[in-house]
Amino acid sequence: MAYQLDAHHAPVDSSVPLEYATEDGSLKILGFWIFLAADVVLFSCLFATYIVLQHNTYGGPTAQQLFDVPGFVTETLLLLTSSFTCGLAIFEMHRNRLQPMIGWWIVTILLGMGFVGMEISEFAKYVGEGANITRSAFLSAFFILVGTHGTHVTIGIFWMLGLLVQLLRYGITAITARKAFVASLYWHFLDAVWIFIFTVVYLTGKVS
Amino acid sequence: MLPHYFNHLFVTGTDIYIADVLIILTSLGIVGVLTYFKKWKWLWREWLTTVDHKKIGIMYIIAATAMFFRGGMDGLMMRTQLAVPNNHFLGAEHYDQVFTTHGTIMILFMAMPYLIGLINVAMPLQIGARDVAFPYLNAISFWTFFFGAMLFNLSFVIGGSPDAGWTSYAPLAGPTFDPGPGENYYLFGLNLAGIGTLASGINFLVTIIKMRAPGMKLMDMPMFTWSTLITSILIIFAFPVLTVALSLLTFDRLFGSHIFSMTHGGMPMMWVNLFWIWGHPEVYIVILPAFGILSEVISTFSGKKLFGYSAMVGSMVAIAFLSFTVWVHHFFTMGAGPAVNSFFGVSTMLIAIPTGVKVFNWIFTMYRGKIRFTTAMLWALAFIPTFVVGGMTGVMLAVAPADYQYHNSYFLIAHFHYTLIGGTVFGVFAGLYYWWPKMFGFKLNERLGRWNFWTFIISFNVTFLPMFLLGLMGMTRRMYTYPPGLGWSHLNMIETVGAFGQAIGMMFLAVNIVWSIKYGERDVTGDAWDGRALEWSTTSPAPEYNFAHVPVVYGRDAFWDMKYGKNREKYQVKAKPYRPIHMPNNSGRPFLMSLAFFISFWGFVFKWYLVGGLGLAAVFVFMYLRSFEYDTDHYISVEEIEHTEAAAGRL
Amino acid sequence: MSRMLSPKKRRGLAFAALSASVLLLSGCGSQIAVLHPEGPVARQEYNLIIWSFILMAFVGLAVFILFAYMLIKYRARPGVEKYYDPNLEGNRKLEVVWTVIPLLIVIALAIPTVKTTYALTQPPVQAHDPMEIDVTSAAWKWIFQYPGQHIETVNYLVIPTGVPVKFILTSVGPMNTFWIPELGGMEFTMPGANLGLWLEASKSGVYLGRGANFSGKGFAHMQFNVYAKPQAEFNQWVAQVKAQDPPLTMAQANQLVNHHGLSPILTFSSYPAGAVPQNQNTLMSGM
């Protein structure tokens, strides 16, 4: 249907979820989905690079020697749980319940912080063992792939912190709902990418 | 810690000093003029902070024109050096920089912004929209492109230009063989501009999917809008690959990683693959919109519907799909094996089929038409034979074993100049002459336009036709000089003459613009060429809100239909009263944020991580400020609309 | 209007004339190396070039004639009204025609392309045992090792005529390509990998070889002569090198590999193991 800029603010359609209620909101959500498609391409290239270079250890540590099972399993659990709590927050948003939404939102942020913290300590441990980015092509590709995901998560945390302030200030409106929904799309997407990292990098690396 | 190349921060050399002086004088001149005429406020309010797609389009076109002249100067320098054997006009190092910046600027800072500029100008008008989907993001797209281009150009005077070719193959472009900051400029400049391009792709796609005028089905859209839609999809899937390739090489150069290095298990081939997985779709990103322009111009000046509309759409979809399956043809000679070479050879040949369909459909659009030879039409017509030469030699290059003989030779250079100039540049000029009255309200002069056209097109062929032969004689690209006695000298001299002829042709365009600003024929009707699509139904230039009433559409060629077609009566509904129009606010933030990016990336170029980090922090602050901004738009009142429409004689 | 058309026609004519001259020159102009093949590999590539040119010239001619016809017949002029049909929007049959004919042309081109692509991975003649030459591009010089003869040359090459030569290509610097247009097309030299290329000279002569992929400052000077001689003369040359020229020392070898600069023509009667770094993987399929 045609889109009128006149409809910027006022919700025009109550038959759809709140985040889609303004034309502007539905445009932005579609735009973000397309951005995520582009981000899929970005990660695909990093995965391809990692897969090509993963055995080029140049006498340095291999994936099997390096990775620590309890560590990466805990990271995975933290991120998966955060994706679930993020879903709960959006669920509460759709029921128009601000307090529980904010609660789950905060839990999501905390779990994300836990994940990033663990990843930083994992990286620090590797670097301390001399397994840094300059050691081999395998480690270069590893740090860049996993680090890019970690950077995405970090940005997501700051983003959600900003939205937390806005939610507290304005409550659940068509605009804040759209913003929270888009952030949640991003968060679930990062979860999906992590599942691939878990499988392609950590599990495969540990097994082979 | 001062990096070791702090010492040669400022590039030395006579021509650089001349450039320095010229840059300083030009900058002072601009500052002086703006101050004298008290235009600073005007510049800021009307242009630097605008989110209006038409103004952003014009800024893209201005920047692209400037880059065309810069890249053209590079071309002239190369041709001067190669005019005679064993010439000493440029040394090897200097020549290497010049061909690198020539290629990079022409593809990424000339062809792309010209087309994105024309898309910005025309596409929203063609679909009857009041702006693009994300006007604020559109401003960010422009300013990141602009500052990316500025960063790249800054290398000329501060630090030294990149010199590993626009393809920047590792390991030549890696830290071992190319330690200076030049290559970093390439990486950061392109990455910054790439952010803007990706955002443009998303923006245009959402605009076309969601914001078409009521009644306009996908298969009713003007062909230029279709080409934009498909180009946007290509951008969205191709540009992240470039981002990754550039970033990986950046890591190799700045942080000592070994993705593309010769040692520690790195793989230089990986760069070649990533670069061309982006690079081949990229050539279609710069040709498909030109195809779209051609469809509009030929149909308009033949006074006819486009021949084979659905085949035109289908062939573009096919080309876009195939463009992701042919990248290896850029390196048949890298040992991929006969099976791979056969596959990519045949897939490349297949692209000729949908392209051929388009060429025949353009030709048959003129069948039983009334052809008006305006300058826009001349450019569009010249496109056909020129691009066909480029396309046919492209098929010859797709023959893998024959390519072993053409690869990297001047045969290849001739081929891609026939496609990129004969295709993209001719298309852009057709579009410029065609949409000029829509952008500025006056036409470019036709007589000067013909001088511009004929000088350029004859010189173009004088320059590039002999290159096919030179390639078969064994001359390879990127040679800064060659010995006498190989039979290359005469042809090289002819090419150089042609190159200067093209420069003269471009001077006619410059003269034409200046002359037409003063004396050009004003377009008071809004319909300068007896046009077919909706952009011609509003005034020239279009008002801020594009259309006082959003048009309702009943089929293809809506404006033609409105004027002469079978739905004429349906279009003549009683004028409704105006209603206030909701428009986005201007903002200085896209400009400032991109400036912060520029400063940050400039810091990274020199490994000044403090500058880089602070700049990035500023970028994030600007993003946060945007997130917290809730007063983002305003209404244009009915009185103001009435006033504007009355002034245009439309009330 | 016709005045405006004539330069366009002239351009068409110029192209036709050039095309004709390309074909003519291929017979006599030895300076157009690619069109003057002197060995079976270059000959096969030449045949494909000519075949693809003929097919494309056919298409190009059809397009140019149709194009000129439309421009002349339907230009805005008195009397054009009687043809004018603004609502004409397509013709399925015609569109099928200009889809199917190009498809047939692509098939006619694809079949010999694939055949030759595979054929070029094999030695050009089976009758004679091939010899091997290991090629290394350095910044900015060509190092040629003859493992069978155990001699090394720099910046020139001597090969026997009528013998398939298996070039094993690598690089110790930036990528380059190894190209001797009269003998055949090029192949990349890449650090860390060996690529293969079969070439053969049918008759004696001096052929110009060149690096064809930009590799830095000295790239334009990476030109070398290839001397093709009958087997007996080649053997004589080898014996002479063995008798007269100095052996390559490891220090000299390192200098050649690591020093960035040009080099004069050099000849060595032997070379030490590891004179150029050895690669693990050989991609002979890539020929």
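What counts and what doesn't
- Residues numbered from 1 in each chain as written.
- Chains lettered and ligands numbered in written order.
- Predicted model: local features only at pLDDT ≥ 70, side-chain atom pairs only at ≥ 80, totals over all residues.
- Heavy atoms only, no water.
- Helix = DSSP H or I, 4+ residues; strand = E, 2+ residues; numbered from the N terminus.
- Contact = heavy atoms within 4.5 Å.
- Areas by Shrake-Rupley, 256 points an atom, 1.4 Å probe, with all protein chains shown as cover.
- Buried < 20%, exposed > 50% of the residue type's maximum accessible area, 1.4 Å probe, protein only.
- Lys, Arg positive; Asp, Glu negative; His and termini not counted.
- Charge placed at Lys NZ, Arg CZ, Asp CG, Glu CD.
- Buried area = accessible area lost by both parts, 1.4 Å probe.
- Salt bridge = Lys/Arg side-chain N within 4 Å of Asp/Glu carboxyl O.
- Polar contact = N/O pair within 3.5 Å; in protein donor to acceptor, adjacent residues only side chain to side chain.
- Expected span 1.5 Å × (residues − 1).
- Core = buried A, V, L, I, M, F, W, Y, C linked by side-chain atoms within 4.5 Å.
- UniProt positions renumbered as here; feature names shortened; annotations may be inferred.
- pLDDT = per-residue confidence, 0-100.
- Pairing = 2+ DSSP bridges.
- Axes fitted to C-alpha atoms, helices over the stretch in contact; angles between N-to-C directions.

(A) Looking closely at the overall build of chain C. What chain C contains, in helices and strands, is five helices and twelve strands. Look at the contacts in chain C between residues 6 or more apart in sequence, and 67% of them connect residues 24 or more apart. For chain C, the exposed area adds up to about 12,300 Å²; of that, 62% sits on carbon and sulfur atoms.

(B) Focus on the overall build of chain A. When its secondary structure is counted, chain A shows six helices and zero strands. Scanning chain A from its N terminus toward the C terminus, one meets helices and strands in the order α-α-α-α-α-α. By principal-axis analysis of the C-alpha atoms, chain A measures approximately 65 × 35 × 25 Å. Relative to its full complement of 208 residues, chain A shows a buried share of 55%. Look at the contacts in chain A between residues 6 or more apart in sequence, and 78% of them connect residues 24 or more apart. For chain A, the accessible area works out to roughly 8,500 Å², and carbon and sulfur atoms hold 70% of it. Counting 9 positive and 13 negative side-chain charges, chain A places the centres of these two groups 5 Å from one another.

(C) Highlighting the interface of chain A and chain B. Contacts between the two partners involve 47 residues from chain A and, on the opposite side, 46 residues from chain B. Overall, the association of chain A and chain B removes approximately 3,900 Å² of surface from exposure, summing both partners, and the carbon and sulfur fraction of that is 71%. Inspection of the chain A/chain B interface yields zero salt bridges. Where chain A meets chain B, there are nine residue pairs in polar contact (both at pLDDT 80 or more). Mapped onto the side of chain A that touches chain B, the elements with two or more residues apiece are α1 (23–53), α5 (137–170) and α6 (174–207) of chain A. The biggest single contributor to the side of chain A that touches chain B is α1 of chain A, with 16 residues.

(D) Representation of helix α4 (residues 98–128) of chain A in the model. Taking 1.5 Å per residue, 31 residues should reach 45 Å; α4 of chain A reaches 45 Å between its end C-alpha atoms and fits that length. One or two residues past the end of α4 of chain A sits Gly130 of chain A, with phi positive at roughly 85°.

(E) Broad picture of the environment of Trp187 of chain A. Residue and element names in this part refer to chain A. With respect to the helices and strands, Trp187 occurs in helix α6. The class of Trp187 is buried, set by a relative accessible area of 2%. A C-alpha to C-alpha distance of 29 Å links Trp187 and Ala131, two positions 56 residues apart in sequence. Dropping the residues within four chain positions of it, Trp187 is found in contact with Leu79, Ser82, Ser83, Cys86, Thr108, Gly112, Val153, Gly156, Ile157 and Met160.

(F) Layout of the nonpolar core. If you look at the biggest cluster of nonpolar residues, it comprises 368 residues, and the most contacted ones within it are Phe67, Trp105 and Phe142 of chain A, Trp271 of chain B together with Leu157, Phe167 and Phe178 of chain C. The element contributing the most residues to this core is helix α4 (residues 92–126) of chain B, with 21 residues. With near-sequence residues (within four places) excluded, Trp271 of chain B lies in contact with Thr167, Ser168, Tyr169, Ala170, Tyr186, Ala245, Leu246, Leu249 and Phe260 of chain B. Counting twelve residues, the second largest nonpolar core, distinct from the first, contains Ile143, Leu248, Val257 and Ala275 of chain C.

(G) Region of interest: the UniProt feature "domain: Heme-copper oxidase subunit III family profile" (unreviewed entry) in chain A. UniProt marks residues 30–206 of chain A with the feature "domain: Heme-copper oxidase subunit III family profile" (unreviewed entry), using the numbering shown here. Counted over residues 30–206 of chain A, helix gives 86% and strand 0%. Its end C-alpha atoms are 39 Å apart.

(H) Highlighting the UniProt feature "transmembrane region" (unreviewed entry) in chain A. All names here are of chain A. Per the UniProt annotation, the sites labelled "transmembrane region" (unreviewed entry) are residues 30–52, 72–91, 103–121, 141–168 and 180–203. The span residues 30–52 carries 100% helix and 0% strand; its end-to-end C-alpha distance comes to 33 Å. For residues 72–91, the helix share is 100%, the strand share is 0%, and the end-to-end C-alpha distance is 29 Å.

(I) Main features of the interface of chain C and chain B. Between chain C and chain B, the residue contacts involve 91 residues of the former and 96 residues of the latter. Contact between chain C and chain B buries roughly 8,400 Å² in total, counting both sides, with carbon and sulfur atoms accounting for 74%. Summed over the shared surface of chain C and chain B, the result is two salt bridges. Salt-bridge contacts for Lys305 of chain B lead to Glu89 of chain C; the nearest nitrogen and oxygen are separated by 3.9 Å. Scanning the region where chain C abuts chain B turns up 20 residue pairs in polar contact (both at pLDDT 80 or more).

(J) Expanded view of the confidence of the model for chain C. For chain C, per-residue confidence averages 89 on the pLDDT scale, and 87% of positions sit at 70 or higher. Segment residues 1–5 of chain C: pLDDT under 50, and nine contacts once partners within four positions in sequence are set aside and those in other chains are kept.

(K) Up close: the sheet that holds strand β10 (residues 223–229) of chain C. Residue and element names in this part refer to chain C. Pairing is mixed in the open sheet, where five strands are placed in the order β4-β10-β9-β6-β7. The outermost strands of the open sheet, each flanked by one partner alone, are β4 (156–160) and β7 (184–189). Here the average twist between neighbouring strands, direction ignored, is 25°. As defined by bridge partners, strand β6 (residues 176–180) adjoins strand β9 (residues 205–211) across two bridges and the pair is classed as antiparallel. Bridge assignment links Trp179 to a residue of β9, and that residue is Arg210.

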